[in-house]
Amino acid sequence: MNSHFLALHDFNEIELYGMLTFALELKDKQKKRIPHRYLDGKTVALIFEKSSTRTRVSFEVGVFQLGGHGLFISSADSQMGRGEPVKDTARVMSRYCEGVMIRTFGQDIVEEFARYSSVPVINGLTDLFHPCQIMADIMTVIEHKRTYEGLKFAWVGDGNNMANTWIEAAAIFGFDLALACPKGYEPDQQVMAWAEAKAPGRITLTTDPKEAVKDADVINTDVWASMGQEAEQKKREKDFAGYCLDDSLLALAKPDSLVLHCLPAHRGEEISDSVIEGKNSVVWDEAENRLHIQKAIMATLIK
Ligand code: CP
Ligand code: NVA
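Calculation notes
- Residues numbered from 1 in each chain as written.
- Chains lettered and ligands numbered in written order.
- Predicted model: local features only at pLDDT ≥ 70, side-chain atom pairs only at ≥ 80, totals over all residues.
- Heavy atoms only, no water.
- Axes fitted to C-alpha atoms, helices over the stretch in contact; angles between N-to-C directions.
- Helix = DSSP H or I, 4+ residues; strand = E, 2+ residues; numbered from the N terminus.
- Parallel < 35°, antiparallel > 145°, perpendicular 65-115°, else oblique.
- Left-handed = near helix turned anticlockwise from the far one by under 90°.
- Contact = heavy atoms within 4.5 Å.
- Nonpolar A, V, L, I, M, F, W, Y, C, P; charged D, E, K, R; others polar.
- Near = heavy atom within 4 Å.
- Areas by Shrake-Rupley, 256 points an atom, 1.4 Å probe, with all protein chains shown as cover.
- Phe/Tyr/Trp six-rings, centres within 6.5 Å; stacked < 30°, edge-to-face > 60°.
- Lys NZ or Arg CZ within 6 Å of the ring centre and 35° of its normal.
- Pairing = 2+ DSSP bridges.
- Core = buried A, V, L, I, M, F, W, Y, C linked by side-chain atoms within 4.5 Å.
- Buried < 20%, exposed > 50% of the residue type's maximum accessible area, 1.4 Å probe, protein only.
- Polar contact = N/O pair within 3.5 Å; in protein donor to acceptor, adjacent residues only side chain to side chain.

**Q** Help me understand the packing of helix α5 (residues 131-145) against helix α12 (residues 283-301) in this model?
**A** Between two packed helices, the angle of one axis relative to the other and the distance separating the axes together describe the packing. As a packed pair, α5 and α12 sit with axes 8 Å apart at the nearest point and diverge in direction by 115°. In terms of orientation, α5 lies roughly perpendicular with respect to α12. Along this stretch, α5 crosses α12, giving a crossing that reads as right-handed. Within the contact between the two elements, α5 uses Cys132, Gln133, Met135, Ala136, Asp137, Met139, Thr140, Glu143 and His144 and α12 uses Asp285, Glu286, Asn289, Arg290, His292, Ile293, Gln294 and Ile297. Split into classes, the residues belonging to the contact of α5 with α12 amount to six nonpolar, six polar and five charged.

As structure tokens, then:
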């Protein structure tokens, strides 16, 4: 198995499914207060070049529950923020810690970090991918629907890091994914080409949210302006008109469909308050599952 968790495409379905079942076991153990100290005495550095609520807290709490120590490092307060090369930071961290989680901008940064690191590196979000989040999302679907097989997944909104990771997941796990993205906001072309080659016909792209959501079992959306794109917020609000996941759009999906949102959410923009607070929404389970799946990923990779 790959020693780093940078992108889903480095793993096959059996490996990822193994982490999902392990996460369900760890969740059960945590609820029953059964010890599971897979990281006893180990330290995991948690490096953030972008803001976070869920990722920071779920990783810190997760490492603690595994018997280890999570070390929060903000790039702004470290030498990384003053330009110390990634490859130097990676080698130094490897001398102190048994694992590293990093949230940053380019996917090339996590790849370079991993190349120079002698300990496992986990991607806690880049501009291209958010693999821990999509694993938590699939875990949530398994809990509520027993399986992802045979389900129709829909994506409504920006072709961003979340959309790109869903595309990889659809190709690896083998489920249908219909994406609706406005013109000019399509997912990454290389990711689309990779997925089409791996699972021909599984992934479709339209500009019509209604078409994507029709008869869907799982609907997912995300903010219109991701971290780093704040200056484009106003333009994006215009360009994404008609892409709000509201009651009328949700009515086109199956009645028992699941609504996912990685959070933070902007009510009244990409999702209505009634939908995120409504009966189809499983966003709080989804947020909780970040904790359990990341514990499974760390316990699998960090030795
Ligand atoms: N979903 C997610 O990654 O949330 P944070 O940005 O709060 O970590
Ligand atoms: N697409 C969002 C996800 C936040 C968890 C972003 O990158 O800001």
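**Q** Is there a simple way to think about the site of ligand 1 in this case?
**A** Inspection of the region around ligand 1 gives Ser52, Thr53, Arg54, Thr55, Arg103, His130, Gln133, Cys262, Leu263 and Arg290 as its neighbouring residues. Coverage of ligand 1 by the protein amounts to 96% of the 250 Å² it exposes when considered alone. For the shell around ligand 1, the class distribution of residues is two nonpolar, five polar and three charged.

**Q** Is there a simple way to think about the packing of aromatic side chains in this case?
**A** The description of an aromatic ring pair uses the distance of the two centres, along with the angle that the planes make with each other. What the rule picks out here adds up to 13 aromatic pairs. In this structure an aromatic cluster arises from ring pairing among Tyr17, Tyr148, Phe153, Trp166, Phe173 and Phe175. Across the ring face of Phe72, the terminal group of Arg56 is positioned such that the distance to the ring centre comes to 3.5 Å.

**Q** I tried to follow the sheet that holds strand β9 (residues 258-261) on my own but got confused; where do I start?
**A** Working definition: the strands of a sheet are paired by backbone hydrogen bonds and lie parallel or antiparallel to each other. Pairing within the open sheet is parallel, and its five strands lie in the order β7-β6-β5-β8-β9. Either end of the sheet is taken by a strand with one partner, and the two such strands are β7 (203-206) and β9. Going across the sheet, the axis of each strand differs from the next one's by a mean of 20°, ignoring polarity. Bridge analysis of strand β5 (residues 152-156) against strand β6 (residues 176-180) gives five bridges, and the strand direction is parallel.

**Q** I keep staring at the packing of helix α6 (residues 161-174) against helix α7 (residues 189-198) and nothing clicks. Help me out?
**A** Following both chains from N to C, one finds α6 and α7 inclined at 10°, their axes separated by 9 Å at the closest point. As the angle between them shows, α6 and α7 are arranged roughly parallel. Contact residues: α6 offers Asn164, Ile167, Glu168, Ala171 and Ile172, while α7 offers Val191, Met192, Trp194, Ala195 and Lys198. A class-by-class count of the residues in the contact of α6 with α7 yields seven nonpolar, one polar and two charged.

**Q** Whenever I open this one, the nonpolar core confuses me. Can you help?
**A** Side chains that are nonpolar tend, in soluble globular proteins, to be buried together. Core analysis: the biggest nonpolar cluster contains 62 residues, and Phe5, Ile138 and Trp166 have the highest contact counts within it. Here the element with the most residues in this core is α6; it accounts for nine residues. Residues contacting Ile138, with those up to four places away along its chain left out, are Leu20, Tyr148, Trp166, Ala169, Phe173 and Phe175. Ranked by size, the runner-up nonpolar core spans 23 residues in total, among them Ala178, Tyr185, Tyr243 and Val259.

**Q** It is not clear to me how the side chain of Ser281 should be interpreted in this structure. Could you clarify?
**A** Residue position: Ser281 is located in the loop between α11 (273-276) and α12. Exposure remark for Ser281: the relative accessible area of 15% places this residue in the buried category. Within the structure, Ser281 has its side chain in polar contact with the backbone oxygen of Ile276 (distance 2.8 Å). Here Ser281 is in contact with Val259, Val275 and Ile276, once residues within four sequence places are set aside.

**Q** Even after reading the chapter, I still don't get the site of ligand 2, so can you show me in this structure?
**A** For ligand 2, the full set of nearby residues is Leu125, Asn160, Asn161, Asp222, Val223, Ser226, Met227, Cys262 and Leu263. Between ligand 2 and Ser226 there is a distance of 2.7 Å, counted from a nitrogen atom to a side-chain nitrogen or oxygen. Met227 is positioned such that a nitrogen or oxygen atom in its backbone is 2.8 Å from an oxygen atom of ligand 2. In isolation ligand 2 offers 270 Å² of accessible surface; the protein chains occlude 94% of this area. Grouping the amino acids of the shell around ligand 2 by side-chain chemistry returns five nonpolar, three polar and one charged.

**Q** What's the story with the environment of Asp188 in this structure? I'm lost.
**A** Inspection of the secondary structure puts Asp188 in the loop between β6 and α7. Note on Asp188: relative accessible area 27%, which makes it partly exposed. Residues Asp188 and Thr55, spaced 133 residues apart in sequence, show a C-alpha to C-alpha distance of 23 Å. When sequence neighbours within four positions are dropped, the list of residues in contact with Asp188 reads Leu128, Gly159 and Asn164.

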